Structure formats: C-alpha cells, structure tokens
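# A structural walkthrough
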Amino acid sequence: MNEKTPNKCIKLAKARVMTRPKANTLDPQGVVVKGELERSLGIKYLKKVSVGRYIEILLEDGPEEEVKKNIQEAIDKLLYNSIIEDYEVIYETKNAK
C-alpha cells in the first residue's frame, strides 16, 4: 500500500507512447505537411513541422515495475526506431479500493 493513500492501491491503467522524429533527422511527412499548410491554407510563421505517432496501451493489473519493464521492452523491440525517433511514455493510473 502507498503510505500517502493507506486505503487505496494505485494501479497502472494505461501507457501512452509518443514517438517523434529526432531533431536532426529529415521528416519527409513533416516537410509535406508544412508545405501544404503554407501553400494551401496560407498558414504563416512555421519553422518546422514534425509528424509523430501516438500509441495507447491499456494495461492489465500487475506489479508496477514488471508492467513498466514489459512496456519498455515493447518500445525497444517494436514501437520506435532508435536511429531516427525519440519517444516519451506517460503512465496513467487508476485507483482501486
């Protein structure tokens, strides 16, 4: 149990993984989007557009460290390309009584 919430057990509910091209990597999709925003829609003042991916994973109950370890393994093996992408993971919790 968590000392701050003695009557509740905090469990992970969801992992949100966001990938984006590394700053020094060419992003062809971002280049196309930027061009269309400027030419077709008249949007101004755009320096760079990057297009990434959003991956949402619903989680089953399990030991927090083990769940996070499994998610990290999924990220490392499949969900992102370490050569051209950076990523961020945000975990969402649920409170169980």
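Above this text is the structure in question.
Residues numbered from 1 in each chain as written. Predicted model: local features only at pLDDT ≥ 70, side-chain atom pairs only at ≥ 80, totals over all residues. Heavy atoms only, no water.

Within the protein chain one finds two helices and three strands. The linear arrangement of helices and strands in the protein chain, starting from the amino end, is β-α-β-α-β. Taking all 97 residues of the protein chain together, the buried fraction comes to 23%. By sequence separation, contacts in the protein chain at least 24 residues apart represent 74% of the contacts at least 6 residues apart. For the protein chain, the accessible area works out to roughly 7600 Å², and carbon and sulfur atoms hold 53% of it. (Helix = DSSP H or I, 4+ residues; strand = E, 2+ residues; numbered from the N terminus. Buried < 20%, exposed > 50% of the residue type's maximum accessible area, 1.4 Å probe, protein only. Contact = heavy atoms within 4.5 Å. Areas by Shrake-Rupley, 256 points an atom, 1.4 Å probe, with all protein chains shown as cover.)

Looking only at helix H2 (residues 64–79), the buried set comprises Val 67, Ile 71, Ile 75 and Leu 79. Viewed along the axis of H2, the buried residues span an arc of 80 degrees, placing them on a single side of the element. In H2, the exposed positions angled more than 90 degrees off the buried face are occupied by Glu 65, Lys 69 and Lys 77. (Arc of directions from axis to C-beta.)

Moving on, we come to the nonpolar core. If you look at the biggest cluster of nonpolar residues, it comprises 10 residues: Leu 12, Ala 15, Val 17, Ile 55, Leu 59, Val 67, Ile 71, Ile 75, Leu 79 and Tyr 80. Listing elements by their share of this core, those giving two or more residues are strand E1 (9–21) and H2. For this core, the element with the highest residue contribution is H2, accounting for four residues. Excluding residues that lie within four positions of it along the chain, Ile 75 makes contacts with Val 17, Tyr 80, Tyr 87 and Val 89. (Core = buried A, V, L, I, M, F, W, Y, C linked by side-chain atoms within 4.5 Å.)

Moving on to the pattern of salt bridges. With the rule as written, the count across this model stands at eight salt bridges. A salt bridge links Lys 11 to Asp 61, with the shortest nitrogen-to-oxygen separation between them at 3.5 Å. Separated by 50 residues along the polypeptide, Lys 11 in strand E1 and Asp 61 in the loop between strand E2 (53–58) and H2 bring together distant segments of the chain. Residue classification places Lys 11 among the partly exposed positions, given a relative accessible area of 28%. The class of Asp 61 is partly exposed, set by a relative accessible area of 46%. Several salt bridges converge on common partners, so that one network encompasses Lys 11, Asp 61 and Lys 94. (Salt bridge = Lys/Arg side-chain N within 4 Å of Asp/Glu carboxyl O.)

Quick look at the packing of aromatic side chains now. Under the definition given, this model contains one aromatic pair. Over the ring of Tyr 91 we find Lys 68; its NZ or CZ atom is 5.1 Å from the centre of that ring. (Phe/Tyr/Trp six-rings, centres within 6.5 Å; stacked < 30°, edge-to-face > 60°. Lys NZ or Arg CZ within 6 Å of the ring centre and 35° of its normal.)

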